[in-house]
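Each chain, written out:
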Amino acid sequence: MKIAILSGKGGTGKTTLSVNLFSCLKQGTLIDTDTEEPNSHIFIKPTNEVITNIYKNHPVVNKDLCSFCGKCGEYCNFNAIIPTKTKVLVFEDFCHDCGLCEMVCPNNAITYKTKVIGEVFSSHLENKSFHYGKLKIGEVSGVRVINKLNEISKEDGLVLVDCPPGVSCSTVEALRGSDYAIVCAEPTPFGVSDMTMVVELLREENIEFGVVVNKSGIGNNQIYEYLEEENIELLENIPWTKERAALYSTGNLIADKDPIFNEKMEHILQKVLGDNYDQ
Amino acid sequence: MINEIAVISGKGGTGKTTLALSIIPYFEDIVIADCDVDAPDMKILLSERVLREDTFIGFKRPEIDYTLCTHCGLCYEKCNFNAISENIEIKKGSCEGCGVCSYVCPAGAITNKDYPIGKIYKKQTAFGPMIDARLTPGEESSGKLVSEVRKRSKEVALEENAKTIIIDGSPGVACNVISTISGVSKALIVTEPTLSGIHDLKRVLELSRMFSVDAKVVINKYDLNLAMVKEIETYCDMTNTDIVLKMPFDKKIVESISNLIIPSTSNISFFTSKEWLSFIEYLQKEK
């Protein structure tokens, strides 16, 4: 079973929820797919990590074979390869690694060069696995790194997914194959607005979901009205306290030190996993 | 030259939109650009009238004519994005519009058609025109939509002789953020005194340097953990990065947003402080 934890808005508590839910499990896997700004490892503190490089190709043109026909540039949809009369310019960062330029080249002048665009860090402890991805700075998309995280965890029984914020391609990739989603939202006008976009995405993808309202007590009641109107299940309400914020700020698992919070985590797991939750 | 100020953060929820909104009332002749296209929130507080709405074509997406398709599977085999399923259907959110499938199809069953990924708007606010956009949830190419918001906001600024563009960015460090900061005069990086905040600040600072953007740091909610503030200060010192503002955590700021009032225009003492006013003065200086 794959359970995605996502939010739309950043900073609502996706990572807090992911790592604390994970800490309540006896067995399972957590993948942190926020490859642009991964934070789960700050709380999990993994040791003995195995690092896997994630690669991307970009074309290299052999000048001796190139006839400067211009076909590669004509077909490339990303302006990543621009032929002139005397040379062919390649813009690595624009290249999506689709392979079309090589296919259309009549002189077999195009080959590919590989570069590392990110890394996956894997660690195991007893019956649990934790993997997180990190995109190299300057790279445009973490989708390939997320794809790897999905691939290495796909045989695992229970997988929690700490998703990236937003509703673009990274989030779609992180959600792939999810059986259920926990939307972590905060009760502010921004939180509600961004959540509506996530709800639209989850409905489009046909993924069942419930909502955890984090940092309740700040903001207003608009979120509860929205949930009722839209007939969305409220899984749990987690009040904002200064103590919880302090524990988070120094990289602590709140569930370890706050029994009420811990109970809430267990409650969420019971609701989502039902009989599959082994306490 | 137009003074373009981008507010970014790396980590989400540090207070980008709150800060961006709060500086707006201090500028005359401005254009507002909301580049957080998959979570656009500035519109919520800026009373608005839509002046123009356009559908944004992100890329060309393949369409399969099943009366011609022989299910040979070549498109599925050659697609590098795993965007075509085994039963020859295009998967939403995976296709990047490269055109390989239509090129390899021996039956000529695939054509590439303009594909809308969201909407882009020009709006009137009490402070000046605003360009914002809404990505259709789940779509590709959001970076292009961000670039279009930037482009249009510059066009409007030139038309209306505006001196400043205030840009609200998205979290992260990939395409959306790169499109948000490339070529701006100043980037304000909003961080918070948490381990996650520092971790993400370092990454987004590295990105700003890579793109030669003049980046300054704002520590929001600084009073929640003073020891962490020290750590941020040490790191900024080491890397020659200026910290231009420290904002306290104040429930009144959240309340103000909940009441749909720009925090700096409501009665909150921090916004009359010397520190805040000299920060505004710094922003107003043209580069």
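Residues numbered from 1 in each chain as written. Chains lettered and ligands numbered in written order. Predicted model: local features only at pLDDT ≥ 70, side-chain atom pairs only at ≥ 80, totals over all residues.

**Concerning the sheet that holds strand β11 (residues 234-239) of chain A**
Residues and elements named next belong to chain A. Spatial strand order, β3-β6-β7-β2-β8-β1-β9-β10-β11: nine strands in an open sheet with mixed pairing. Each of the sheet's edge strands pairs with one partner strand only, and the pair in question is β3 (50-61) and β11. Sheet twist, expressed as the average angle between the axes of neighbouring strands with direction ignored, equals 20 degrees. Two elements, strand β2 (residues 28-32) and strand β8 (residues 159-162), share four bridges in a ladder whose sense is parallel. Bridging across to β8, Asp32 finds its partner in Asp162. Against the sheet, helix α7 (residues 189-204) touches β1 (2-6), β9 (180-185) and β10 (208-216), its axis set at about 170 degrees to β9. Each of β1, β9, β10 and β11 touches helix α11 (residues 259-273); the most contacted strand, β11, lies at about 170 degrees to it. (Pairing = 2+ DSSP bridges. Helix = DSSP H or I, 4+ residues; strand = E, 2+ residues; numbered from the N terminus. Axes fitted to C-alpha atoms, helices over the stretch in contact; angles between N-to-C directions. Contact = placed C-beta atoms within 7 Å.)

**Describing α11(A)**
All names here are of chain A. Taking 1.5 Å per residue as the helical rise, α11 with its 15 residues ought to reach 21 Å, and the 21 Å between its terminal C-alpha atoms agrees with that figure. Three or more residues of α11 are buried, namely Phe261, Lys264, Met265, Ile268, Leu269 and Val272. Looking straight down α11, one finds that the buried residues subtend no more than 135 degrees of arc, so they occupy a single side. Set apart from the buried face of α11 by more than 90 degrees, the exposed residues are Pro259, Ile260 and His267. A positive backbone phi angle near 60 degrees is found at Gly274, which sits one or two residues after α11. (Expected span 1.5 Å × (residues − 1). Buried ≥ 20, exposed ≤ 12 C-beta atoms within 10 Å, placed from the backbone. Arc of directions from axis to C-beta.)

**As for the interface of chain A and chain B**
A common way to state how big an interface is: give the accessible area lost once the parts meet. Listed by partner, the interface residues are 51 residues for chain A and 52 residues for chain B. When residues of the side of chain A that touches chain B are traced back to their parent elements, those giving at least two are α4 (100-104), α6 (169-175), α7 and α9 (242-249) of chain A. Sorting elements by how many residues they give to the side of chain A that touches chain B places α7(A) first, with eight residues. Tallied by class, residues from the side of chain A that touches chain B come to 21 nonpolar, 21 polar and nine charged. (Nonpolar A, V, L, I, M, F, W, Y, C, P; charged D, E, K, R; others polar.)

**Observations concerning the packing of helix α1 (residues 14-24) of chain A against α11(A)**
Residue and element names in this part refer to chain A. For the pair α1 and α11, the least separation of the axes is 9 Å and the interaxial angle reads 80 degrees. By the angle between their directions, the pair α1 and α11 is classed as roughly perpendicular. Note on element contacts: α11 touches α1 through Met265, Glu266, Ile268 and Leu269, opposite Asn20, Leu21 and Cys24. For the contact of α1 with α11, the residue count by class is five nonpolar, one polar and one charged. (Parallel < 35°, antiparallel > 145°, perpendicular 65-115°, else oblique.)

**Some thoughts on the domain arrangement of chain A**
One can read the domain layout of chain A as domain 1 (2-54 + 124-274) and domain 2 (63-108). Using only C-alpha atoms to locate each centre, domain 1 of chain A and domain 2 of chain A end up separated by 41 Å. (Domains from an automatic or database assignment.)

**Focus: the environment of B:Ser47**
All names here are of chain B. Tracing the backbone through its elements, the reader meets Ser47 in the loop between α2 (42-45) and β3 (49-64). Classification of Ser47 by C-beta neighbours within 10 Å gives exposed; the count is 11. Expressed as a C-alpha distance, the spacing of Ser47 and Lys123, which sit 76 residues apart in the sequence, is 9.3 Å. Ignoring any residue separated from it by four or fewer positions in sequence, one finds Ser47 in contact with Thr125 and Ala126.

**Some thoughts on the packing of α7(A) against helix α8 (residues 222-229) of chain A**
Residues and elements named next belong to chain A. At a minimum axis separation of 9 Å, α7 and α8 run at an interaxial angle of 25 degrees. Compared by their axis directions, α7 and α8 come out roughly parallel. The residues of α8 that touch α7, namely those facing Pro189, Gly191 and Val192, are Gln222, Ile223 and Tyr226. Grouping the amino acids of the contact of α7 with α8 by side-chain chemistry returns four nonpolar, two polar and no charged.

**Examining the domain arrangement of chain B**
Residue and element names in this part refer to chain B. As assigned here, chain B comprises domain 1 (3-46 + 126-284) and domain 2 (58-116). Once you take the C-alpha centre of each, domain 1 and domain 2 turn out to be 39 Å apart. Each partner contributes residues to the interface: domain 1 has six residues there, and domain 2 has six residues.

**Some remarks on the sheet that holds strand β7 (residues 186-191) of chain B**
Residue and element names in this part refer to chain B. The strand order β3-β4-β5-β2-β6-β1-β7-β8-β9 describes an open sheet built from nine strands, whose pairing is mixed. Where the open sheet ends on each side, the last strands, each with one partner, are β3 and β9 (243-246). Each neighbouring strand pair of the sheet contributes to a mean axis angle of 20 degrees, computed without reference to strand direction. Of the strand pairs in this sheet, strand β1 (residues 3-8) and β7 are connected by four bridges, and their pairing is parallel. Within β7, the position partnered with Ile5 by the bridge is Lys186.

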